[in-house]
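What follows is the residue order along each chain.
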Amino acid sequence: MTDAHEDHAGKTAAETWTMYDADRIPTGATMRRGDDFRPGELHLVVHVCIFDAAGRMLIQRRTDDKVGWPGMWDVTVGGSVTAGESSASGAEREVLEELGIRLDLTGRRPNFTFNFRHGFDDFYLLKAGDVPPIELADLAIPNAEVADARWATRDEIHALHAAGEFIPYRPTAIDFIFDMVGRADILDLADQGGRPGTDAADFG
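Residues numbered from 1 in each chain as written. Predicted model: local features only at pLDDT ≥ 70, side-chain atom pairs only at ≥ 80, totals over all residues. Heavy atoms only, no water.

**Examining the packing of aromatic side chains**
Part 1 of the reasoning: Enumeration according to the criterion identifies 8 aromatic pairs in this entry.
Part 2 of the reasoning: Each ring, one from Phe-112 and one from Phe-123, has its centre 5.1 Å from the other, and the planes form 15°; the classification is stacked. Residue Phe-112 is found in strand β7 (residues 112-116), and its partner Phe-123 is found in strand β8 (residues 119-126); the two are separated by 11 residues along the sequence. With respect to class, Phe-112 is no different from Phe-123; both count as buried.
Part 3 of the reasoning: Aromatic pair Phe-166 and Tyr-169: ring centres 6.1 Å apart, planes at 55°, arrangement tilted.
Part 4 of the reasoning: Residue placement shows Arg-24 over the ring face of Phe-120; its charged tip is 5.4 Å from the ring centre. (Phe/Tyr/Trp six-rings, centres within 6.5 Å; stacked < 30°, edge-to-face > 60°. Helix = DSSP H or I, 4+ residues; strand = E, 2+ residues; numbered from the N terminus. Buried < 20%, exposed > 50% of the residue type's maximum accessible area, 1.4 Å probe, protein only. Lys NZ or Arg CZ within 6 Å of the ring centre and 35° of its normal.)

**Examining the nonpolar core**
Part 1 of the reasoning: In terms of nonpolar packing, the biggest core is built from 25 residues, with Val-48, Ile-50, Leu-58, Ile-101, Leu-103 and Ile-134 touching the most fellow members.
Part 2 of the reasoning: Elements supplying a minimum of two residues to this core: β3 (43-50), α2 (87-99), β8 and β9 (146-152).
Part 3 of the reasoning: Those residues in contact with Ile-101 that lie beyond four places of it in its chain are Ile-50, Leu-58, Val-95, Leu-96, Ile-134 and Leu-139.
Part 4 of the reasoning: Counting residues in each nonpolar core, the second largest holds 20 residues, with Trp-73, Phe-166, Ile-167 and Ile-174 among its members. (Core = buried A, V, L, I, M, F, W, Y, C linked by side-chain atoms within 4.5 Å. Contact = heavy atoms within 4.5 Å.)

**As for the sheet that holds strand β4 (residues 57-62)**
Part 1 of the reasoning: Strand order in the open sheet formed by 3 strands is β5-β4-β9, and the pairing between neighbours is antiparallel. The sheet is open, and its two borders are formed by β5 (73-74) and β9, each paired with just one other strand.
Part 2 of the reasoning: Bridge count for β4 against β9 is 6 bridges, and the pairing is antiparallel. Note on β9: the bridge partner recorded for Gln-60 is Ala-149. (Pairing = 2+ DSSP bridges.)

Spelled out as structure tokens, the structure:
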């Protein structure tokens, strides 16, 4: 039985996932969605959060017949990485499948990774300029997974959360996502030129 995180990220169709150990090294094993996890096995989930020039996040409302969190609002896109995919290629596929947006995340690392009971959850934060201009009317919705989409401010997402209409992420996690948009480091010093002692000259 999957937990809420897998249901939230998942699709109803059967998928095969690569298994990882706690060091995020592939074990050589795979499993199909819905099977029981064996001890020590972990899998990879991705979320993509797209922001417009005004700093609003593109959010989606899940269809009423989704297996997990039906009818609730969510961040832009989330899903499981399938066997043979990298984190970035899985994120590209999920955005295309759910919204019809083509992304090129070649060479891009996740902005951060959250751990959860059965795996790793990579978050990609994309601001205006990182993606082509997005018009809501041009999105490939509604579809089997996504019923609707809209732009929302941080406060609007918190209001949806308080009303029980948004997937119950920790509110501090939503704040962290908004705070990290356009930042490459958790240190404020990084915005002023980088971490002390990490410039190329420091390794000469």
